[in-house]
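Take a look at the letters that make up each chain.
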Amino acid sequence: MNTSGHAAEDVRDDGAGLRLAPFRGLRYVPERVGSLAAVTSPPYDVVVRPDGLLHLESADPHNIVRLILPQAITAGTRHRKAAVTLDRWLADGVLAPDPVPALYVYEQRGDGILQRGIIGALELSAPEAGVVLPHEDVMPHVVEDRAALMRTTAANLEPLLLTYVGEGAPAGEDDSAGEGRGDANAVIERTAEREPLLSTTTEDGFCHRLWAVTDPAEQAAVAADLGRHQALIADGHHRWATYLRLREEHAEPGAWNYGLVLLVDTARYPLRVRAIHRLLNRLPVADALAAVEGSFRVRRVDGPLPEALAALAAATAEGNAFLLAGDGAFHLLDRPDPALLDRTIRTDRPEAWRTLDATVLHSALLEHVWHVPDAPEDIAYIHDTEAAVAQAERHGGTAVLMHPVREEVVRDLARQGVTMPRKSTSFGPKPATGLVLRSLALD
């Protein structure tokens, strides 16, 4: 029985589910680095600020950010620099491949969260196959950049975060009724009782542990269980699109037919869903407020930031709402004019899509009211709320703070084949980058 409150709707009876394969992971050699924590990084798209990049670079000369976000004047030079760096670290023994192919059990613990999942090389599949479900649109220039980096390094440098809905009990509850069915979870929990390959605590307070599953019987049990499921992309849409593009480039894809992923059963280990905020670099708050007059109700709300966000949450319970910041105050936009929405939002999508805050923001506000071009110099996507506000105030722009979408809405739209506007959600905790890499040359 599934006791999590989720229906196990992603179970497939046709055998055309997830195909996860072991691989020889590339890992840091502890003796060659200052500490494992010092060489890790958040995913590339979370490291958005130059000061954050410099902080990671200075943490250790071998920090993984030198591979995922190499610094040089031109894109081609950046990608070649990453490839040269990777080759040098391999030659110097900073990174080394594990001796045999493995699946990897990965655990994160911190901030009241325990999350476990399994890392492997997932066979790629076309969107129409319905095995891996995207829920957000992607930005072509980001896919191009990630493809060039991956092509040049011939490596998957960080895993995507995928979720599926298993049939076992949530962690900490009796799962005896699920014995014999939750094979992947059984392997994960059994493995987590062993001595880990590595254990480290990053500066955010999260403890990370990694184990290798090398037993063929256990690998087969995981594969058989996951082969009955489909997965939702929780984090990594651009990297998934990159995987698919690079597979198309190779007549005989081989290793290019697989991509590095972390799979988490959210029936057992629910993820947190947070919003991703927008920073409108060239739109001052005063101009943004003047333009929405008559289209939204506008109210100034009191800070500090947590209280303003509480006001945003209350407003979104009744309809679309946004919080603007950047001029030292907070401004709540809600109750949009129905005529504006009728005029600007597509009618060929489900109601759940039409009423998303991200849909209203991009279709009505950004495109028709504010006339903000869909270009990286005009819109930045920032996960950290305080950072979004600080950057808007520093540069005279407007931070548009969003309220998170519920996971069940995301999954339902994805099953219908409907993608949300780009950067609509932030699932977490995200896997730390740098704990295990995949070299395509080893597969």
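Refer to the structure presented above.
The rules behind the values
Residues numbered from 1 in each chain as written. Predicted model: local features only at pLDDT ≥ 70, side-chain atom pairs only at ≥ 80, totals over all residues. Heavy atoms only, no water. Helix = DSSP H or I, 4+ residues; strand = E, 2+ residues; numbered from the N terminus. Rg over C-alpha atoms; globule rule 2.2 N^0.38 Å. Buried < 20%, exposed > 50% of the residue type's maximum accessible area, 1.4 Å probe, protein only. Salt bridge = Lys/Arg side-chain N within 4 Å of Asp/Glu carboxyl O. Contact = heavy atoms within 4.5 Å. Core = buried A, V, L, I, M, F, W, Y, C linked by side-chain atoms within 4.5 Å. Phe/Tyr/Trp six-rings, centres within 6.5 Å; stacked < 30°, edge-to-face > 60°.

This part takes up the overall build of the chain. Secondary structure assignment for the chain yields 15 helices and 21 strands. Relative to its length of 443 residues, the chain is compact, with a C-alpha radius of gyration of 22 Å against a globular reference of 22 Å. Principal-axis analysis of the C-alpha atoms places the extent of the chain at approximately 65 × 55 × 45 Å. With 443 residues in all, the chain has 56% of them scored as buried.

Here we take up the pattern of salt bridges. Within the structure shown, the criterion is met by 26 salt bridges. For Asp 235, the salt bridge is made with Arg 239, and the minimal N-O distance between the two is 3.2 Å. In this structure, the salt-bridge partner of Asp 378 is Arg 282, at a minimum N-O distance of 3.8 Å. Of this pair, Asp 378 sits in the loop between α13 (357-369) and β18 (379-382) while Arg 282 sits in the loop between β14 (277-280) and α9 (285-292), and the two are 96 residues apart along the sequence. Through salt bridges with shared partners, a single network forms among Glu 107, Arg 109, Arg 116, Glu 189, Arg 209 and Arg 268.

As a further point, take the environment of Pro 159. Relative to the helices and strands, Pro 159 is located in the loop between β7 (155-156) and β8 (160-164). Note: C-alpha distance between Pro 159 and Leu 437 (278 residues apart in sequence) is 7.9 Å. Setting aside residues no more than four positions away along its own chain, Pro 159 makes contact with Arg 239, Leu 260, Val 261, Leu 262 and Pro 431.

The next thing to look at is the environment of Val 39. Within the secondary structure, Val 39 sits in helix α1 (residues 36-39). Considered as a pair, Val 39 and Glu 57 are 18 residues apart in the sequence and their alpha carbons are 8.7 Å apart. Setting aside anything within four residues of it in sequence, one finds Val 39 in contact with Tyr 28, Val 33, Asp 60, His 62, Asn 63, Ile 64 and Thr 433.

Membership of the largest hydrophobic core comes to 116 residues, with the highest contact counts inside it found for Tyr 28, Ile 118, Ile 119, Leu 226, Trp 240, Leu 263 and Trp 370. Excluding anything up to four places from it in sequence, Trp 370 contacts Leu 280, Leu 283, Ala 288, Ala 291, Val 292, Leu 324, Leu 333, Leu 361, Leu 365 and Val 400. Judged by nonpolar contacts, the second largest core, of 18 residues, contains Ala 308, Ala 387, Ala 399 and Leu 401.

Time to look at the packing of aromatic side chains. Within the structure shown, the criterion is met by 4 aromatic pairs. Here the aromatic rings of Phe 23 and Tyr 104 are separated by 5.4 Å at their centres, their planes lie at 55°, and the arrangement is tilted. Of this pair, Phe 23 sits in the loop between β1 (20-21) and β2 (25-28) while Tyr 104 sits in strand β4 (residues 103-110), placing them 81 residues apart in sequence. Tyr 104 shares its class with Phe 23; the two are buried. Aromatic side chains Trp 240 and Tyr 243 sit 6.2 Å apart centroid to centroid with 70° between the ring planes, which places their arrangement in the edge-to-face category. Separated by 3 residues within a single helix, Trp 240 and Tyr 243 lie in helix α8 (residues 237-249), roughly one turn from each other.

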